[in-house]
Each structure stands twice: as C-alpha cells, then as structure tokens.
Amino acid sequence: MSRIGRKPIQIPAGVDFKLEEGNLVTVKGPKGTLSQAFRPEIVIKKDGDTVVVERTSEEKLVKSLHGLTRTLIHNMVVGVSEGFSKKLEVQGVGYRAAKQGKQLVMNLGYSHQVTMDEIEGITIEVPGPNEIVISGADKQKVGQFAAEVREKRPPEPYKGKGIRYAGEYVRRKEGKAGKAKK
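Predicted model, so just to flag it, every value in this text is computed and none were measured. (Residues numbered from 1 in each chain as written. Predicted model: local features only at pLDDT ≥ 70, side-chain atom pairs only at ≥ 80, totals over all residues. Heavy atoms only, no water.)

**Points about the overall build of the protein chain**
Working step 1: Broken down by element type, the protein chain carries three helices and 13 strands.
Working step 2: Relative to the globule expectation of 16 Å for 182 residues, the C-alpha radius of gyration of the protein chain, 22 Å, shows a markedly less compact shape.
Working step 3: Residues classed as buried in the protein chain amount to 36% of the 182 residues present.
Working step 4: At a minimum sequence separation of 6, the contacts of the protein chain that also span at least 24 residues come to 50%. (Helix = DSSP H or I, 4+ residues; strand = E, 2+ residues; numbered from the N terminus. Rg over C-alpha atoms; globule rule 2.2 N^0.38 Å. Buried < 20%, exposed > 50% of the residue type's maximum accessible area, 1.4 Å probe, protein only. Contact = heavy atoms within 4.5 Å.)

Structure, rendered in structure tokens:
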C-alpha cells in the first residue's frame, strides 16, 4: 500500500473542500479557488475535516494514481491556505530585474530588455534588483512560470551569470588553460 496515499489530508479552518460528481474536487480558501477532476479508479472520501484517498483495485495504474492523487489534493489545500512561492536570483554585472505595473522587466545582457507579463493566479514581486519572488496558489503554475523566467538566461558554468533558483548550486568549469594570467 502506498505510504503517501494512506495519509489523511487535514483541512484547515477557513478552507472549503467540496467533492462533486465525477471526482471533481474544488478547494476554496483565502488565497483563491482551485478545482481539478481526478480519475474514477480512485475513491476520495471526506469525513469531517479530513480527506482520505483510497484505491479500487491493486492494478499497477491504480497503485501509481493513489499517491499522486493524494499529493495533488494536499497541494491544492496547502495552496489555497498558505500559497507557494519560488525565489529566483539574478547574477551578473548589469543584470537586474524590476516590476513595471503587471510586467517583469529584466536586463539580462541582451541588446533589449526581456519582459514577461504576470499571468492569472501568479504574483511577481521584486524586493531587490537581483531578486524575483513568484508566488501563487497553484504549485504547478508557480513552478512552471519560475522555470520560464529562468529559461530567459539560465546560469552558465564559466562565470555563473544568469537567473538561478535561490540555493541552486551551479557547477563551475575552469576556463581555457592556454595562457597564464598575470
């Protein structure tokens, strides 16, 4: 039995959990509303302030869906109550980020500025010229948008310049070995 799938999900106060026909789960909280339909092979039960995910058979597909479904529902509950965020660091001489209205404007060493629009459900904050914080209720959207921002200038291995996740280790390479520096 899946260790993750067996764990009950606690619904915190202020979060409304609704289970509709066709395994459609809607979670409403202070940070927003998320809804998702799940496969019919998985049984979702709500007792009071806990949600339990069970499987209908021991087939390989159903076993793999068990833990996944529980994790997705848990992420929805955490997202609408606390939210998720990703912090990015911009490193390099002249590299900086700023927020203008609903747009993220970045100088990344190109001949032009790179702009990205804030999408629905995502908020962008720029606490400093070298920091970007992306937050929202949907964990998948936050991670995807952070990956798209990082993709604009991924960190390079020689000088480490580019956009990286906070705490990300960039493996550095040695430069050319031809001439000795004076």
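Past the structure itself, the notes keep going.
**Description of the sheet that holds strand β8 (residues 96-100)**
Working step 1: If you trace the three strands from one edge of the open sheet to the other, you get β8-β9-β10, paired in antiparallel fashion. Of all the strands in the sheet, the pair left with one neighbour each is β8 and β10 (114-117). Neighbour to neighbour, the strand axes of the sheet diverge by 20 degrees on average, direction disregarded.
Working step 2: The pairing of β8 with strand β9 (residues 103-107) spans five bridges and is antiparallel. Within the sheet, the bridge partner assigned to Arg-96 lies in β9 and is Asn-107.
Working step 3: Most of the contacts of helix α3 (residues 139-151) go to β10, to which it runs at about 170 degrees, and overall it touches β9 and β10. (Pairing = 2+ DSSP bridges. Axes fitted to C-alpha atoms, helices over the stretch in contact; angles between N-to-C directions.)

**Considering α3**
Given 3.6 residues to a turn, an α-helix orients residues that are three or four positions apart in the same direction.
Working step 1: Here α3 is 13 residues long and its end C-alpha atoms lie 18 Å apart, about the 18 Å a rise of 1.5 Å per residue gives.
Working step 2: Of the positions making up α3, those classed as buried are Val-142, Phe-145, Ala-146 and Val-149. Along the axis of α3, the buried residues cluster in a sector spanning 100 degrees; they form a single face. Exposed and facing more than 90 degrees away from the buried side of α3 are Gln-140 and Glu-151.
Working step 3: Looking at the buried positions of α3, the neighbouring elements they touch are β7 (84-91), β9, β10, β11 (122-128), β12 (131-136) and β13 (162-165).
Working step 4: Between the side-chain oxygen of the N-cap and the backbone nitrogen of Gln-140 there are 3.2 Å, and the N-cap of α3 in question is Asp-138. (Expected span 1.5 Å × (residues − 1). Arc of directions from axis to C-beta. Polar contact = N/O pair within 3.5 Å; in protein donor to acceptor, adjacent residues only side chain to side chain.)

**Re the pattern of salt bridges**
When charged atoms on two side chains of opposite charge get close, those side chains can pair.
Working step 1: Tallied over the entire structure, the rule returns seven salt bridges.
Working step 2: The residue Glu-168 makes a salt bridge to Arg-150 at a minimum N-O spacing of 2.7 Å. One end of the pair, Glu-168, is in the segment after β13; the other, Arg-150, is in helix α3, with 18 residues separating them in the sequence.
Working step 3: You can call Glu-168 partly exposed: its relative accessible area is 24%.
Working step 4: In the salt-bridge network here, residues are joined through shared partners; they are Lys-99, Lys-102 and Glu-118. (Salt bridge = Lys/Arg side-chain N within 4 Å of Asp/Glu carboxyl O.)

**Notes on the sheet that holds strand β5 (residues 42-47)**
Sheet strands associate in pairs through backbone hydrogen bonding, adopting either a parallel or an antiparallel arrangement.
Working step 1: Here three strands make up an open sheet; going across it, the order is β1-β6-β5 and the pairing antiparallel. Looking at strand neighbours, the two that pair on one side only are β1 (9-10) and β5, the edges of this open sheet.
Working step 2: As judged from the six bridges shared by β5 and strand β6 (residues 50-55), these two strands associate in the antiparallel manner. Note that in β6 the partner of Lys-46 across the bridge is Val-51.
Working step 3: Sheet contacts for helix α2 (residues 60-81): β1, β5 and β6; angle to β6, the most-contacted strand, approximately 165 degrees.

**With respect to the side chain of Ser-135**
Working step 1: Its location among the elements puts Ser-135 in strand β12.
Working step 2: The class of Ser-135 is buried, set by a relative accessible area of 15%.
Working step 3: Apart from the residues within four sequence positions on either side, Ser-135 is in contact with Phe-84, Ser-85, Gly-121, Ile-122, Thr-123, Glu-125 and Val-142.

**Description of the packing of aromatic side chains**
Working step 1: The full count for this structure, using the stated rule, is zero aromatic pairs.
Working step 2: Geometry around Tyr-110 places Arg-153 over its ring, the cationic atom sitting 4.3 Å from the centre. (Phe/Tyr/Trp six-rings, centres within 6.5 Å; stacked < 30°, edge-to-face > 60°. Lys NZ or Arg CZ within 6 Å of the ring centre and 35° of its normal.)

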